[in-house]
Amino acid sequence: VQLQASGGGLVQSGGSLRLSCAASGSISSVNDMGWHRQAPGKQRELVATITNGGSTNYADSVKGRFTISRDNAKTVYLQMNSLKPEDTAVYYCTALIRPGTRGVFRYWGQGTQVTVSS
């Protein structure tokens, strides 16, 4: 099972980026998917999550600016608008995946860098 994230980059303050993450491999089902981020010298923090029913949850710092969505069971997006320098971080996608018949496990993508210049 792999999570492949893409879409990071360098953007000016106030700009937008869209991250995507696709799960692949031997997968029976994908439950919650989400994004975390880690800025230099800081702990990894939750950004947003979405259930396979479409319910969403956001960190207070991104509410009203970021939107998480899924277009199928295995792909998740993070639309980031009105970006601020403090949004600069490595963004990791994560998912709860049932790879077979023996339980659900959390998987992480490789991380994609988002840099917002002031």
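Residues numbered from 1 in each chain as written. Predicted model: local features only at pLDDT ≥ 70, side-chain atom pairs only at ≥ 80, totals over all residues. Heavy atoms only, no water.

A.B. asks: What exactly am I supposed to notice about the pattern of salt bridges here?
C.D. replies: Where charged atoms of side chains with opposite charge meet at close range, the side chains can pair. All chains considered together, the criterion is met by four salt bridges. Across the salt bridge formed by Arg37 and Asp87, the nearest N and O atoms sit 3.0 Å from each other. Of this pair, Arg37 sits in strand β4 (residues 29–38) while Asp87 sits in the loop between β8 (75–80) and β9 (89–98), and the two are 50 residues apart along the sequence. Across the pair Arg65 and Asp87 runs a salt bridge whose closest N-O atoms are separated by 2.7 Å. With Arg65 in the loop between β6 (56–58) and β7 (66–72) and Asp87 in the loop between β8 and β9, this pair connects stretches of sequence that are 22 residues apart. Linked through salt bridges whose partners overlap, the residues forming this network are Arg37, Glu45, Arg65 and Asp87. (Salt bridge = Lys/Arg side-chain N within 4 Å of Asp/Glu carboxyl O. Helix = DSSP H or I, 4+ residues; strand = E, 2+ residues; numbered from the N terminus.)

A.B. asks: Can you walk me through the state of the cysteines in this structure?
C.D. replies: Put plainly, a disulfide is one covalent bond tying together the sulfur atoms of two cysteines. Counted according to the given criterion, the structure contains one disulfide. Each disulfide pairs two cysteine sulfurs, and for Cys21 the partner residue is Cys93, the sulfurs being separated by 2.0 Å. On the sign convention where negative is left-handed, the bridge of Cys21 and Cys93, at about 50° about the S-S bond, is right-handed. Taken together, the residues span a long stretch of sequence, with Cys21 in strand β3 (residues 17–24) and Cys93 in strand β9 at a distance of 72 residues. Cys21 gets classed as buried once you look at its relative accessible area, which sits at 1%. (Disulfide = S-S within 2.5 Å. Buried < 20%, exposed > 50% of the residue type's maximum accessible area, 1.4 Å probe, protein only.)

A.B. asks: Before we go on, may I ask you to explain unusual backbone geometry in this structure?
C.D. replies: Backbone phi values are negative for most residues with the exception of glycine, while trans is the configuration of most peptide bonds. Phi at Ser82 takes a positive value of approximately 50°, unusual for a residue other than glycine. With respect to the helices and strands, Ser82 occurs in the loop between β8 and β9. Taking relative accessible area as the criterion, Ser82 reaches 42% and is therefore assigned partly exposed.

A.B. asks: Is there a simple way to explain the environment of Cys93 in this structure?
C.D. replies: Judged by its relative accessible area of 1%, Cys93 falls in the buried class. Spatially, the C-alpha atom of Cys93 lies 5.2 Å from that of Gly109, the residues being 16 residues apart in sequence. Once you skip the residues sitting within four places of it in the chain, Cys93 turns out to touch Leu3, Ala5, Cys21, Gly34, Trp35, Tyr107, Trp108 and Gly109. (Contact = heavy atoms within 4.5 Å.)

A.B. asks: What should I look at first to understand the packing of aromatic side chains in this one?
C.D. replies: Two descriptors summarise a pair of aromatic rings, namely the distance from one centre to the other and the angle between the planes of the rings. Applying the stated criterion across every chain yields a total of zero aromatic pairs. Across from the ring centre of Tyr77, 4.0 Å away, lies the NZ or CZ of Arg18, which sits over that ring. (Phe/Tyr/Trp six-rings, centres within 6.5 Å; stacked < 30°, edge-to-face > 60°. Lys NZ or Arg CZ within 6 Å of the ring centre and 35° of its normal.)

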